[in-house]
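Reading the structure
Below, each chain spelled out in residue letters.
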Amino acid sequence: MVKLEQSIDVSNHNDVQLANSTIRLGPVKMSVFSFAVDGVLIDTGAQSLFPSFRPFFEQADFEKVMLTHFHEDHIGCAAWLKEQRDIPFYIHKASVERCSKEYIYPKYRQYFWGQSEPFHAQAIGETFQSRNATWDVIATPGHTQDHLAFLNRETGALFTGDLFIQEKMKVILAEENIVDTLQSLKKILTYDFKDMYCCHAGFIEDGHQQIKNKIEHLEALQSQIINMHKNGMSVEEITAQLFPRVYPIVETSEGEWSAIHIVRGFVEGSRLS
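Residues numbered from 1 in each chain as written. Predicted model: local features only at pLDDT ≥ 70, side-chain atom pairs only at ≥ 80, totals over all residues. Heavy atoms only, no water.

Here's the deal with the side chain of Thr-134
Mapping Thr-134 onto the fold places it in strand β9 (residues 134-139). Taking relative accessible area as the criterion, Thr-134 reaches 19% and is therefore assigned buried. A polar contact is formed between the side chain of Thr-134 and the side chain of Gln-129, at a distance of 2.7 Å. (Helix = DSSP H or I, 4+ residues; strand = E, 2+ residues; numbered from the N terminus. Buried < 20%, exposed > 50% of the residue type's maximum accessible area, 1.4 Å probe, protein only. Polar contact = N/O pair within 3.5 Å; in protein donor to acceptor, adjacent residues only side chain to side chain.)

Here's what the structure looks like:
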């Protein structure tokens, strides 16, 4: 088996400290970010990336941890941090119990991200306080049903977890709800934000426009998929035509990641509307 390689890059942008750990497997490169800002740590990275994240965690100044959702590349180092610092951790109320118990991920996800260990978290409220600001906690379901975004009311800094990632989606997880994701993106645009930070892309220039672009792309794709389905094409046929390239992650994950989940999600969503 090819050895995973990892590295860390720590930078600052408008008083936000960004720690970017990159994992490589041959030509495949994947980045995960953790952010420290105004006494708060947002997401803890993956357990497999702990060796590279550890120096950042040891020097970063924070007294509470806010988690955007329960996926292992966001909560992976939480158990270690909880042991090192007796500080509160917060997550969506639906994931508090899940984080307290061992949860076995598929083998390929364990290989990339490691196995997260149980830790104690508290249910997050509708807002929270950092040292100098009040933050809005924004429910943004889609990628997961517990997904949250965090907005600093004072600075306008918005942390979007895995809501954005990139403008054009090629594959999604089977558990994702693409219709909910589209609605969450529209919801985010109703907030007044400035800088945008993504847990896989880092700082994103002109976040408003990037989100608008993603919404336009998804709406156009939604319309195309629904029309093709109304004209008698199956989910599989639509997927083959609109997403002809089959990415390695589809085979590696045995279909847990696939474009077919985008197509099926929009088709099923049209039946409910």
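Structural notes on the pattern of salt bridges
Counted according to the given criterion, the structure contains 8 salt bridges. Between Arg-131 and Asp-61 there is a salt bridge, with its nearest N and O atoms 2.6 Å apart. One end of the pair, Arg-131, is in the loop between β8 (127-129) and β9; the other, Asp-61, is in the loop between α1 (50-59) and β5 (62-66), and 70 residues separate them in sequence. Salt-bridge contacts for Glu-72 lead to Arg-109; the nearest nitrogen and oxygen are separated by 2.7 Å. Of the two residues, Glu-72 is situated in helix α2 (residues 72-75) and Arg-109 in helix α5 (residues 107-113); the sequence distance between them amounts to 37 residues. By relative accessible area, Arg-109 is classed as buried at 8%. Three or more residues are tied together by salt bridges with common partners; here these are Asp-61, Glu-63 and Arg-131. (Salt bridge = Lys/Arg side-chain N within 4 Å of Asp/Glu carboxyl O.)

Points about the nonpolar core
A general trend in soluble globular proteins is that nonpolar side chains are found buried together. Core analysis: the largest hydrophobic core is formed by 32 residues, its most contacted members being Leu-41, Phe-56, Phe-57, Phe-89, Ile-91 and Phe-119. When contributions to this core are tallied by element, the ones reaching two or more residues are β2 (16-25), β3 (28-37), α1, β5, α3 (78-84), β6 (89-91), α4 (96-99) and α5. Not counting residues up to four positions away in its chain, the partners in contact with Leu-41 are Ser-34, Phe-35, Ala-36, Phe-56, Phe-57, Phe-62, Lys-64, Val-65, Met-66 and Leu-81. Among the nonpolar cores identified, the runner-up in size contains 31 residues, and Leu-151, Leu-185, Val-235 and Val-267 belong to it. (Core = buried A, V, L, I, M, F, W, Y, C linked by side-chain atoms within 4.5 Å. Contact = heavy atoms within 4.5 Å.)

Things to note about the pairing of strand β4 (residues 39-42)
Put simply, side chains in a regular strand alternate between the two faces of the sheet. Sheet topology note: the β4/β5 ladder contains 4 bridges and is parallel. Note on β5: the bridge partner recorded for Gly-39 is Phe-62. Taken together, β4, α1 and β5 constitute a β-α-β crossover, and its handedness is right-handed. (Pairing = 2+ DSSP bridges. Right-handed = clockwise from strand over helix to strand, strands pointing away.)

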